Amino acid sequence: MNLKDVVKLAEGTPLNPEVDMNVKIRGACGADLMSDVLASSQPKAVLLTGLTNPQVVRTAQIAEFRAIIFVRGKQPQAETLVIATQEKMPLITSPFGMFELCGRLHSAGLPSFETNVPSS
Amino acid sequence: MDVFTALDFQASKRMCPPARTPTEQEAHGRRDRPITDHDAHEINRVEELSYDLKIQDVMTADLRTATPEMPLSNVLDILRINRISGLPVVENGYLAGILSIEDIIRAMEKNDLSVPTRNYMTRDVVTVASYESIVKAMRTFTEKGLGRLPVVDENRKLVGMITKGDITRGILVALQRDYKEEEVRRYRASHLFEDIISERTTLVLRYTIQAGDFTQGGKASSHIKRALIRLGADPQITRRCCISVYEAEMNLIIHATNGGILKLEVEPHRITMSTTDEGPGIPDTEIVFQPGYSTATEQVREMGFGAGMGLVNMKRCVDQIELNSTVGKGTKLVMRMFIPNQTFGGRREGQDDEPSTDH
């Protein structure tokens with residue numbers, strides 16, 4: 001599916017201008033721990049998170065996510081929006097909680113890109 | 001047909017010989033076969049341009065036109081001489097209708113070529129506006145099954161015609177213009193290691209990381225990512241390096257008393273990433289590799305860091321990792337990534353795509 005479909009399922013509101021809604025989204029990762037996000041090893045996914053600080057954008061960018069969706073109607077900090085717009089990372093806010101949003105996207109066919117902790 | 005299919009169709013056209021355009025069926029057919037990352041990459045560029053380029057940028061403005069009173073035999077001559085299959089019919093600058101070769105055939109069947117164009121032209125004409133994006137024209141082509149569209153301005157006056165071929169040409173010209181600059185830059189950077197002859201060439205990137213500066217956190221890693229891409233590094237190696245370097249950068253911000261130095265040394269056969277700081281130092285350099293072990297404060301955890309997975313992630317990503325620390329003196333972390341077949345500089349078009357994860 002593409003970002004437009006994801007936003008529709010999330011009943012989301014795009015927050016930065018000039019979001020390309022046609023980019024393909026291959027999977028999703030729901031996490032509030034940035035290391036978990038970085039461990040999600042496949043690119044072209046959407047990140048569902050409750051964190052709204054600028055690090056979310058940096059993390060998503062490094063891990064090659066294609067968009068960030070904030071859960072429970074959260075609005076990002078102003079700095080977060082500035083960095084996201086600079087780095088062309090789409091930010092979307094969704095009224096659903098993490099649990100419900102994951103359920104909605106997963107049951108619509110979006111696979112999980114979360115990976116297991118490596119055994120040490 | 002949705003926009004994306006139209007764009008997909010457009011992209012497929014670019015890869016086909018330009019003389020022939022695929023039918024709608026072919027365009028649909030193409031969607032069923034797996035789209036490779038290379039295709040996806042191309043579509044995205046074309047997609048952007050489909051919104052950026054305006055119809056007036058690509059349309060043909062130098063038009064052959066007919067008038068409503070012109071006899072059909074004259075129109076037939078214009079079509080034949082110019083090797084075109086239809087003409088807009090214009091009255092006082094406004095579009096009155098369109099006459100296609102099919103209309104002339106209808107007239108020929110009745111042996112009726114001496115009558116005015118008015119009698120056989122199609123009056124209810126689908127048009128597009130000159131100030132709209134070309135994606136609008138593409139959509140109209142596929143929705144209406146048409147091959148050419150008259151273009152009108154804001155006053156509804158005829159200003160040009162647009163065909164699928166015009167769109168293809170327009171996109172190709174724009175692509176060439178847009179990417180020339182970046183290509184030149186990339187070319188120069190990716191040939192760095194070939195152009196400079198030495199026994200051992202190393203490119204060193206150095207960044208000072210301030211303690212507690214969460215707002216700037218990750219900025220150095222972003223710069224490193226851009227540099228590696230421009231140097232022509234393999235995308236997967238770039239990704240693994242950047243994840244490790246980002247975790248390391250955040251560690252300096254979170255833990256190092258006075259921040260530290262993040263350094264990247266790029267050589268044709270390997271990339272070495274290192275951080276050095278002046279303390280506090282790590283008492284046990286083994287336990288920090290255990291998943292979940294963390295000394296981060298509650299404040300840091302609230303920001304989504306300090307889950308005790310940083311070094312675990314780094315170890316997973318790189319080929320070699322060494323952590324040396326003395327309490328009270330400082331810590332040095334060195335990570336190495338070996339580059340198979342010295343992929344730097346050997347970059348070709350399309351190599352910046354991620355390896356396929358789509359099946």
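Here's a quick rundown of the structure. Keep in mind it's a predicted model, so treat the numbers as computed, not measured. (Residues numbered from 1 in each chain as written. Chains lettered and ligands numbered in written order. Predicted model: local features only at pLDDT ≥ 70, side-chain atom pairs only at ≥ 80, totals over all residues.)

**As for the overall build of chain A**
Helix and strand content of chain A: five helices and five strands. The order of α-helices and β-strands along chain A, N terminus first, is α-β-β-α-β-α-β-α-β-α. A buried classification covers 49% of the 120 residues belonging to chain A. (Helix = DSSP H or I, 4+ residues; strand = E, 2+ residues; numbered from the N terminus. Buried ≥ 20, exposed ≤ 12 C-beta atoms within 10 Å, placed from the backbone.)

**Concerning the pairing of strand β5 (residues 158–163) of chain B**
Sheet faces and side chains relate simply in a regular strand, where the side chains alternate between the two faces. All names here are of chain B. Both strand β4 (residues 148–152) and β5 contribute to a ladder of five bridges, which runs antiparallel. By the bridge assignment for β5, Leu-149 is matched with Ile-162. With antiparallel pairing between neighbouring strands as the criterion, β4 and β5 make up a hairpin whose turn holds five residues, including Arg-156 at a positive phi of roughly 70 degrees. (Pairing = 2+ DSSP bridges.)

**What about the interface of chain B and chain A?**
Contact residues are listed per partner, giving 32 residues for chain B and 28 residues for chain A. Elements with a minimum of two residues in the side of chain B that touches chain A: α1 (3–15), α3 (37–52), α10 (219–230), α11 (235–255) and α13 (310–317) of chain B. Per-element tally for the side of chain B that touches chain A: the top contributor is α11(B), with five residues. Split into classes, the residues belonging to the side of chain B that touches chain A amount to 14 nonpolar, 11 polar and seven charged. (Contact = placed C-beta atoms within 7 Å. Nonpolar A, V, L, I, M, F, W, Y, C, P; charged D, E, K, R; others polar.)

**Digging into the sheet that holds β4(B)**
Across the sheet, three strands lie side by side as β3-β4-β5 (chain B); this open sheet has mixed pairing. Both edges of this open sheet fall to β3 (128–129) and β5 of chain B, since each of them pairs with a single strand only.

**Remarks on the nonpolar core**
Val46(A), Leu47(A), Ile68(A), Ile69(A) and Val245(B) are the most contacted members of the largest nonpolar core, which totals 73 residues. Setting aside residues no more than four positions away along its own chain, Ile68(A) makes contact with Leu47(A), Thr49(A), Val56(A), Val57(A), Ala60(A), Met89(A) and Leu91(A). Of all hydrophobic cores here, the second largest spans 33 residues; its members include Ala107(B), Phe141(B), Ile167(B) and Ile171(B). (Core = buried A, V, L, I, M, F, W, Y, C linked by C-beta atoms within 7 Å.)

**Overview of the sheet that holds strand β5 (residues 91–93) of chain A**
Residue and element names in this part refer to chain A. The five strands lie next to each other as β1-β5-β4-β3-β2, forming an open sheet whose pairing is mixed. Looking at which strands have only one partner, the edges of the open sheet turn out to be β1 (13–14) and β2 (27–30). Examined bridge by bridge, strand β3 (residues 45–49) and strand β4 (residues 65–70) share five bridges and lie parallel to one another. Paired with Ala-45 across the two strands is Phe-65, which belongs to β4. Strands in contact with helix α3 (residues 54–62) are β3 and β4; relative to β4, the strand with the most contacts, it is inclined by about 150 degrees. (Axes fitted to C-alpha atoms, helices over the stretch in contact; angles between N-to-C directions.)

**A word on the environment of Met337(B)**
With respect to the helices and strands, Met337(B) occurs in strand β10 (residues 330–338). Separated by 20 residues in the primary sequence, Met337(B) and Cys317(B) have C-alpha atoms spaced 8.7 Å apart.

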